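Structure assessment
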Protein chains: 4
Amino acid sequence: MPDTTGTTGKAQGKEEQPRRRQARGERRIAQLLEAAAAVFCTSGYTAASTNAIAREAGVSPGTLYQFFPNKEAIAIELSDRLLHEMRETYSEALAPIAPGTPVEEAVAAAVDRFTAFNRRHPVLFALMHSPEIPGRMAQDHDALHAAMLVRIEELLSSLLAPGTPPAAVARTAHMVLGFYKAGLELVLAHEGAEQEAYVQELKDALTRYLDPLVTSCGQPAHS
Amino acid sequence: MPDTTGTTGKAQGKEEQPRRRQARGERRIAQLLEAAAAVFCTSGYTAASTNAIAREAGVSPGTLYQFFPNKEAIAIELSDRLLHEMRETYSEALAPIAPGTPVEEAVAAAVDRFTAFNRRHPVLFALMHSPEIPGRMAQDHDALHAAMLVRIEELLSSLLAPGTPPAAVARTAHMVLGFYKAGLELVLAHEGAEQEAYVQELKDALTRYLDPLVTSCGQPAHS
Amino acid sequence: MPDTTGTTGKAQGKEEQPRRRQARGERRIAQLLEAAAAVFCTSGYTAASTNAIAREAGVSPGTLYQFFPNKEAIAIELSDRLLHEMRETYSEALAPIAPGTPVEEAVAAAVDRFTAFNRRHPVLFALMHSPEIPGRMAQDHDALHAAMLVRIEELLSSLLAPGTPPAAVARTAHMVLGFYKAGLELVLAHEGAEQEAYVQELKDALTRYLDPLVTSCGQPAHS
Amino acid sequence: MPDTTGTTGKAQGKEEQPRRRQARGERRIAQLLEAAAAVFCTSGYTAASTNAIAREAGVSPGTLYQFFPNKEAIAIELSDRLLHEMRETYSEALAPIAPGTPVEEAVAAAVDRFTAFNRRHPVLFALMHSPEIPGRMAQDHDALHAAMLVRIEELLSSLLAPGTPPAAVARTAHMVLGFYKAGLELVLAHEGAEQEAYVQELKDALTRYLDPLVTSCGQPAHS
DNA sequence: GATGAATGAGGATTCATTCAT
DNA sequence: TATGAATGAATCCTCATTCAT
């Protein structure tokens, strides 16, 4: 019978070690994640080999496995950190959007921020499109996906008509996320003016999609 | 190149015989493509192994390679057949849309047909999302992608305002395809009423996106 | 494909099974051997695939195996035919050499004939160098090799000093054959004037090698 | 990357310790090359499978590929090491030949040394005859071949008549190498007295071939 | 006899992961 | 902790050969 009581102490005797270790470990981990990000970007998750990641990080494969139990864990941790940063970015930058901003403006602001973030972290894109199906990767992917959904739902909840049932909100959030990803793919696939055009197109599409769902007492986005 | 037709160098006086052999091969090819479709569906293109496909088809790996030079060729042939069927389906079913149908109706009809087709051929979805990066697959995959783009552009050209510049049409087509894929993913991920709801959501989104782009002399989709 | 038989009518009644069959069979065999020769030349024996040979011959693999039990048998038959032709060529063309020709002349004549033959049948070279080791191929290869040895021993027996022990003759024949092959490789590897130079070099080398072994009562090859 | 050799207290007094990691690898490489040599000898380069080599070395296929990117690389490294050893052997053993040694003596010494080397390293023979056609192997193979040519040209340059044009020297070197290979094949194919006889025959042949090309101011090898 | 489909063991190579040091 | 060697199953693909028609 496995002990599930959780009483297994966390290394009672030694208080000091963890810190030191973690310090160095943190560096290694960051190093590895950075490498992983690079490799995921250029090869995609599936095609990325752990050996390649280790090599990119300048360490041996053994070292990599000292910090991550398997390839998936790397992607998960990467996603988590990205998520964390995204959350931070938003808590400080998204707040101002909330009030009674017109949809168009809110969407534009959100799209701008998201795309900015995606441009700063190209891996995000790779991770979003990773799970060709590998099944288990689901959790990871879902973490990222779910987190973004939550973000979006938050945004929507302040935009959509008050009476909107949660299911509809969720549905809309899914749609918005899907559209955003699709649009992002196009945005990233182009450059210069064409890229700009796609950004605008994406904003327009989302705005038009959301506009009718917004509380009617407000201001329609388009006059 | 699985084109095995007409390779009979002789072509003497007989008409029937030469086919027999090819019939078996033709059947095998169909069988293999079916198997490939199944495997692609459950594992995705990248993760699908040729041996797995052969096994699924109940033949030896060698047999598979008698008909297809490599994995990619399977996907290509599969795409081609799908494309072909899609074209057929459209030539007989899409025509009526053209005239002066209101956007809403046109979109609804198109989405219904596409989703029906996708439901009948789940591989389509797998193939559309195949190329995690593999690069070369690009052409093939693009064949499918490009074909759909063409379909969409055709539809759009009869819907969009006459003066719309080609670049804008192309952009819109890309957006529509991206949105469609995104929506389809959600549609296929749900069932029953929820699925229906997503279908509707997708139609709404596309309609709203396209409506303002449509010639104003017509009737706006929403009254 | 030059049809060299030409005499066989095409669609007669079928009275004489055995003849007919062999007639057609012979043609097929010749066809296959020709194809094999081509493929062996371009790919070498080991790398040549039976399927490639069949394809080159314009027949199906099955047909190939109707005439030859395996790949080796093809090489063997090819060697045999080459041998046969070589024998014929020599019986009519080598005879005049025999008498009391000075070594230099004899060698020159022999080299010229052999190289001519090799140029007319490039496979010979491929077959001579075939058996990377495959062991069993030994017999075949040896057939060709042994036959050439016999030829050479015949030539030598009329050149070498009468008292030369058989073992020495055999040894010399082996050496001569080895040198000839080595020289041929160089000859075939070059063109134009350089090729000529190598031919001359080969002649010189063989002449010098054999000269001291020749009966002293005769005339030294170099004056 | 900072010092990764792990100079921590472990390896103070010993000389071997610090190498340990690399030593193991070095040993594996040697082991693998040895195994490869054995397999190449018995099967020839083309027929030798990497799995067979790994098996012969008592390791898994993966291990082989940790040290060599592909089969060719094994042959190349093997050739290189052989070459290296050959060079060493020569720098200490071939030097004395140079002065004004008569051809006969020089050839005898060279043949003795080469054959001794070949007997000690039977692979050399296998590698020399490797490239049935594989094309790419050319470079590698050529490395060995070219190196031997260079050796021979060096020897020849001090033997041949001073005025001999470079092209002729090169041609002669090619011939000598070809003859040597051919002779070696016969030498290695026999044993005991017969082998000795072939060695002598080879020496004689080369001597006679080269003698007339040697500077006339010297002494002809045979008086 | 001819065809072309079928076989399946085998080949080179990769890669996530573990192990000894 | 870091290293790099080791693993071995799995991948794509080939080919001599056989079989059903």
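Residues numbered from 1 in each chain as written. Chains lettered and ligands numbered in written order. Predicted model: local features only at pLDDT ≥ 70, side-chain atom pairs only at ≥ 80, totals over all residues. Heavy atoms only, no water.

Turning next to the overall build of chain A. Helix and strand content of chain A: 9 helices and 0 strands. If you list the helices and strands of chain A from N to C, you get α-α-α-α-α-α-α-α-α. Relative to all contacts within chain A whose residues are 6 or more apart in sequence, the contacts with residues 24 or more apart total 68%. Just so you have it, chain A exposes about 11700 Å², and 54% of that area is on carbon and sulfur atoms. (Helix = DSSP H or I, 4+ residues; strand = E, 2+ residues; numbered from the N terminus. Contact = heavy atoms within 4.5 Å. Areas by Shrake-Rupley, 256 points an atom, 1.4 Å probe, with all protein chains shown as cover.)

What follows covers the interface of chain C and chain D. The interface is formed by 30 residues belonging to chain C together with 30 residues belonging to chain D. Regarding the contact of chain C and chain D, the summed buried area is about 2500 Å², with carbon and sulfur atoms giving 65% of it. Summed over the shared surface of chain C and chain D, the result is 2 salt bridges. The shortest N-O distance in the salt bridge between Arg171 of chain C and Glu194 of chain D comes to 3.0 Å. For the pair chain C and chain D, the number of links is 8 residue pairs in polar contact (both at pLDDT 80 or more). Residue assignment for the side of chain C that touches chain D shows that the elements contributing at least two residues are helix H1 (17–47), helix H8 (166–189) and helix H9 (192–210) of chain C. In terms of residues, the side of chain C that touches chain D owes the most to one element, H8 of chain C, which gives 9 residues. A breakdown of the residues in the side of chain C that touches chain D according to their chemical character gives 16 nonpolar, 9 polar and 5 charged. (Buried area = accessible area lost by both parts, 1.4 Å probe. Salt bridge = Lys/Arg side-chain N within 4 Å of Asp/Glu carboxyl O. Polar contact = N/O pair within 3.5 Å; in protein donor to acceptor, adjacent residues only side chain to side chain. Nonpolar A, V, L, I, M, F, W, Y, C, P; charged D, E, K, R; others polar.)

Attention shifts here to the protein's contact with DNA strand F. Within the structure, DNA strand F sits among 37 residues, and Arg28 of chain A, Tyr65 of chain B, Thr50 of chain C together with Arg28 and Gln66 of chain D are positioned closest to it. The sugar and phosphate moieties of DNA strand F supply 62% of its atoms located within 4 Å of the protein. Note that a phosphate oxygen of DNA strand F is positioned 2.6 Å from one of the side-chain N or O atoms of Tyr65 of chain B. Within the backbone of Ala48 of chain C, one N or O atom sits 3.3 Å away from a phosphate oxygen of DNA strand F. Among the secondary structure elements, those contributing two or more residues to the surface near DNA strand F are helix H1 (17–47) and helix H3 (61–67) of chain A, helix H1 (17–47), helix H2 (50–57) and helix H3 (61–67) of chain B, helix H2 (50–57) of chain C together with helix H1 (20–47) and helix H3 (61–67) of chain D. Tallying contributions element by element places H3 of chain A first for the surface near DNA strand F, with 5 residues. For the surface near DNA strand F, a count of residues per class yields 9 nonpolar, 19 polar and 9 charged. (Near = heavy atom within 4 Å.)

Looking now at the packing of aromatic side chains. Throughout the structure, instances matching the rule amount to 14 aromatic pairs over all chains. Ring geometry for Phe179 of chain C versus Phe179 of chain D: centroids 4.4 Å apart, planes at 35 degrees, classification tilted. In this pair, Phe179 of chain C sits in helix H8 while Phe179 of chain D sits in helix H8 (residues 166–189), so the two residues belong to two different chains. Exposure remark for Phe179 of chain C: the relative accessible area of 1% places this residue in the buried category. (Phe/Tyr/Trp six-rings, centres within 6.5 Å; stacked < 30°, edge-to-face > 60°. Buried < 20%, exposed > 50% of the residue type's maximum accessible area, 1.4 Å probe, protein only.)

Right, let's talk about the protein's contact with DNA strand E for a bit. Taken together, 37 residues sit near DNA strand E, with Thr50 of chain A, Arg28 and Gln66 of chain B, Arg28 of chain C together with Tyr65 of chain D positioned nearest. Each atom of DNA strand E within 4 Å of the protein was classed as base or backbone; sugar and phosphate made up 65%. In this structure, a phosphate oxygen belonging to DNA strand E sits 2.5 Å away from a main-chain N or O atom of Thr50 of chain A. Every element with two or more residues in the surface near DNA strand E is listed here: helix H2 (50–57) of chain A, H1 and H3 of chain B, helix H3 (61–67) of chain C together with H1, helix H2 (50–57) and H3 of chain D. In terms of residues, the surface near DNA strand E owes the most to one element, H3 of chain C, which gives 5 residues.

So, on to the relation of the copies chain C and chain D. For the pair chain C and chain D, the best superposition has an RMSD of 0.5 Å and corresponds to a rotation of 178 degrees with a translation of 0.0 Å parallel to the axis. Between the two chains, the operation in question is that of a two-fold axis. Same-surface contact between copies: 97% of interface residues of chain C are shared with the interface of chain D. (Least-squares fit on C-alpha atoms with pLDDT ≥ 70 in both.)

So, on to the relation of the copies chain B and chain A. Relating the two copies of this chain is a rotation about some axis coupled with a shift parallel to it. Of the transformation placing chain B onto chain A, the axial shift is 0.1 Å and the rotation is 178 degrees, giving an RMSD of 0.5 Å. A symmetric contact is evident, with 100% of the interface residues of chain B recurring at the interface of chain A.

What follows is about the interface of chain B and chain A. Each partner contributes to the interface: chain B provides 30 residues, whereas chain A provides 31 residues. With both chains or domains summed, chain B and chain A bury close to 2500 Å², and 65% of this area falls on carbon and sulfur atoms. For the pair chain B and chain A, the interface holds 2 salt bridges. Run the count over chain B and chain A and you get 8 residue pairs in polar contact (both at pLDDT 80 or more). For the side of chain B that touches chain A, the elements supplying multiple residues, two or more each, are H1, helix H8 (166–189) and helix H9 (192–210) of chain B. Looking at the side of chain B that touches chain A element by element, the count peaks at 9 residues for H8 of chain B. Looking at the side of chain B that touches chain A residue by residue, the classes come out as 17 nonpolar, 8 polar and 5 charged.

So, about the side chain of Thr115 of chain A. Residues and elements named next belong to chain A. Note on placement: Thr115 falls in helix H5 (residues 103–120). A relative accessible area of 2% means that Thr115 is categorised as buried. For Thr115, the side chain forms a polar contact with the main-chain oxygen of Asp112, separated by 3.0 Å. If sequence neighbours within four positions are ignored, Thr115 has contacts with Tyr180 and Leu184.

Attention now goes to the nonpolar core. Phe40, Met86 and Phe179 of chain A together with Phe40 and Phe179 of chain B are the most contacted members of the largest nonpolar core, which totals 128 residues. Residues Tyr45 of chain C together with Ile74, Leu124 and Leu144 of chain D belong to the second largest nonpolar core, which totals 126 residues. (Core = buried A, V, L, I, M, F, W, Y, C linked by side-chain atoms within 4.5 Å.)

Under the definition given, this model contains 28 salt bridges over all chains. The residue Arg208 of chain B makes a salt bridge to Asp204 of chain B at a minimum N-O spacing of 3.7 Å. Taken together, the positions of Arg208 of chain B and Asp204 of chain B, both in helix H9 and 4 residues apart, correspond to about one turn of that helix. Linking Arg151 of chain D and Glu154 of chain D is a salt bridge whose minimum nitrogen-to-oxygen distance equals 3.7 Å. Of this pair, Arg151 of chain D and Glu154 of chain D both sit in helix H7 (residues 137–159), separated by 3 residues, roughly a single helical turn. We classify Arg151 of chain D as buried; its relative accessible area is 17%.

Residue and element names in this part refer to chain A. Helix H9 (residues 192–210) packs onto helix H8 (residues 166–188) with a crossing angle of 170 degrees between their chain directions and a minimal axis gap of 9 Å. Considering their axes alone, H8 and H9 lie roughly antiparallel with respect to each other. Classified by chirality, the crossing of H9 by H8 is right-handed. Contacts between H8 and H9 pair Thr172, Met175, Val176, Phe179, Tyr180, Gly183, Leu184, Leu186, Val187 and Leu188 from the former with Gln195, Tyr198, Val199, Leu202, Leu206, Tyr209 and Leu210 from the latter. Across the contact of H8 with H9, the residue classes break down as 14 nonpolar, 3 polar and no charged. (Axes fitted to C-alpha atoms, helices over the stretch in contact; angles between N-to-C directions. Parallel < 35°, antiparallel > 145°, perpendicular 65-115°, else oblique. Left-handed = near helix turned anticlockwise from the far one by under 90°.)

A word on the confidence of the model for chain A. With 76% of its residues at a pLDDT of at least 70, chain A reaches an overall mean of 81. Across residues 217–223 of chain A the pLDDT falls below 50, and counting only partners more than four positions away or on other chains, this stretch makes 7 contacts in the model. (pLDDT = per-residue confidence, 0-100.)

Next up on the list: the domain arrangement of chain A. Residues and elements named next belong to chain A. The domain architecture assigned to chain A consists of domain 1 (18–68) and domain 2 (71–213). Taken residue by residue, the interface counts 14 residues in domain 1 and 14 residues in domain 2. Roughly 1300 Å² is buried in total at the junction of domain 1 and domain 2, and carbon and sulfur atoms are behind 77% of that figure. On the domain 1 side of the contact with domain 2, Leu33, Phe40 and Tyr45 bury the most area, a combined 47% of that side's loss. At the boundary of domain 1 with domain 2, the tally comes to 1 salt bridge. Put simply, Arg81 and Glu26 hold a salt bridge, and the shortest N to O gap is 3.2 Å. Our count for the domain 1 to domain 2 interface comes out at 5 residue pairs in polar contact (both at pLDDT 80 or more). Broken down by secondary-structure element, the contributors of at least two residues to the side of domain 1 that touches domain 2 are H1 and H2. Residue contributions to the side of domain 1 that touches domain 2 peak at 9 residues, all from H1. A breakdown of the residues in the side of domain 1 that touches domain 2 according to their chemical character gives 11 nonpolar, 2 polar and 1 charged. (Domains from an automatic or database assignment.)

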